[in-house]
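Coordinate inspection notes
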Amino acid sequence: HAEHGGRLVDFAGWEMPVQYTSITEEHHATRKAVALFDVSHMGRFQFQGPAAGALLDRLVTRRVADLQPGRICYALVTNEQGGILDDVLVYRLSDVQQLAFQLVVNAGNRDKIAAWIHAHLEDSAVEFHDATLDTAMIAVQGPRALEVIAALVDFDPQKLKYYRGQAGQILGHSCLVSRTGYTGEDGCELIVPAEQAVEVWQAILDQGQPAGAQPAGLGCRDTLRLEAAMPLYGHELSEAINPLQAGLGFAVDLDKEFIGREALAAIASEKQPVRVGLELASRRVPREHYAICADGQPVGEVTSGTFSPTLERPIAMGYVSPEYAKPGTALTVDIRGRAEPASVVLLPFYSRSK
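Residues numbered from 1 in each chain as written. Predicted model: local features only at pLDDT ≥ 70, side-chain atom pairs only at ≥ 80, totals over all residues. Heavy atoms only, no water.

Some thoughts on the pattern of salt bridges
- Taken as a whole and assessed by the stated rule, the structure comprises 14 salt bridges.
- Here E147 makes a salt bridge to R144, at a shortest N to O gap of 2.7 Å.
- Given a relative accessible area of 38%, E147 falls into the partly exposed group.
- A relative accessible area of 33% places R144 in the partly exposed class.
- A salt bridge links R179 to D186; the shortest N-O distance between them is 2.6 Å.
- On the accessibility criterion, D186 (13% relative accessible area) is buried.
- Via salt bridges that share partners, R31, E185 and E227 belong to a single interconnected network. (Salt bridge = Lys/Arg side-chain N within 4 Å of Asp/Glu carboxyl O. Buried < 20%, exposed > 50% of the residue type's maximum accessible area, 1.4 Å probe, protein only.)

Here you go:
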């Protein structure tokens, strides 16, 4: 990354490129062409054994034991009170008797979730392995991403449906390609052996040059996910927030048993602060913890804010009292003592053309 001009910063104990050229340039490259993100900091946990599916069914909010091979689903890990410990992707890797699964978790939560798994790993028929340091993960995102990857892997990733994955070969090395991402664009994420990561990264970059491919860092990953209204742990998600108020009810199966189900079922009908999107009339950018107000009184708080390179205006997500959550509601954001006009809008702020 340093050789490609990446400016490295500490992120959850990893040295990560925050940007290579500029956040805006990398953002537009992702929206218009193709960008590569090193997301090897994300935790990759593997599960094998006949009880692996049952364990994951108890640990996450969705029914995953009966996932078909190649399927991937978004879910949450919640505590007994229904608070969010992490949001995760669950991969069903094979249909053999060993019932292989993979869990991708946020970098900052890797140790916490590993400890949570060990605390509930009561069945000797489950083999758990943290494969994070054995592997690397590269996200290739943008309208031309799959076209670039198709020239390098031994199957056509363009035939994968969204939230599907397939094992294959890239440059003669084993890989797992999933049609997933965190940018709001089409594309895929590749998991490869750690020792092949640099070779694979450079090959993708070289293959993608005619399509305008360039490396991208954490900075534009944040602006991209915010435009797509994808929640970020530590901002929109935390142990003090439950999936229902975060607008993630689609990822909660209350008709099956999991840790936190009873608490969530009990509060499902309660009024509680909810996640909303805000667009501002001025060009001043709202930041985390800025107060959201109605008639001069605080009714919520910003969790993430940025100047949207695509929409060319400030946007934010935050939590407000439910009576102020209707799209079109006029509010203000207290930006350093000034009440800046804002309006509640439908999420996401940006949706790609299908």
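After presenting the structure, the write-up continues.
Considerations on the sheet that holds strand β10 (residues 165-170)
- Strand order in the open sheet made by the six strands is β10-β11-β12-β9-β3-β13, with mixed pairing throughout. Both edges of this open sheet fall to β10 and β13 (214-215), since each of them pairs with a single strand only.
- Relative to β13, strand β3 (residues 35-38) is paired through two bridges, and the arrangement is parallel. Within β13, the residue paired with L36 across the bridge is P215. (Pairing = 2+ DSSP bridges. Helix = DSSP H or I, 4+ residues; strand = E, 2+ residues; numbered from the N terminus.)

Some remarks on the side chain of H173
- The residue H173 is located in strand β11 (residues 173-178) in this model.
- H173 sits in the buried class, given a relative accessible area of 16%.
- Setting aside anything within four residues of it in sequence, one finds H173 in contact with G168, Q196, E199 and V200. (Contact = heavy atoms within 4.5 Å.)

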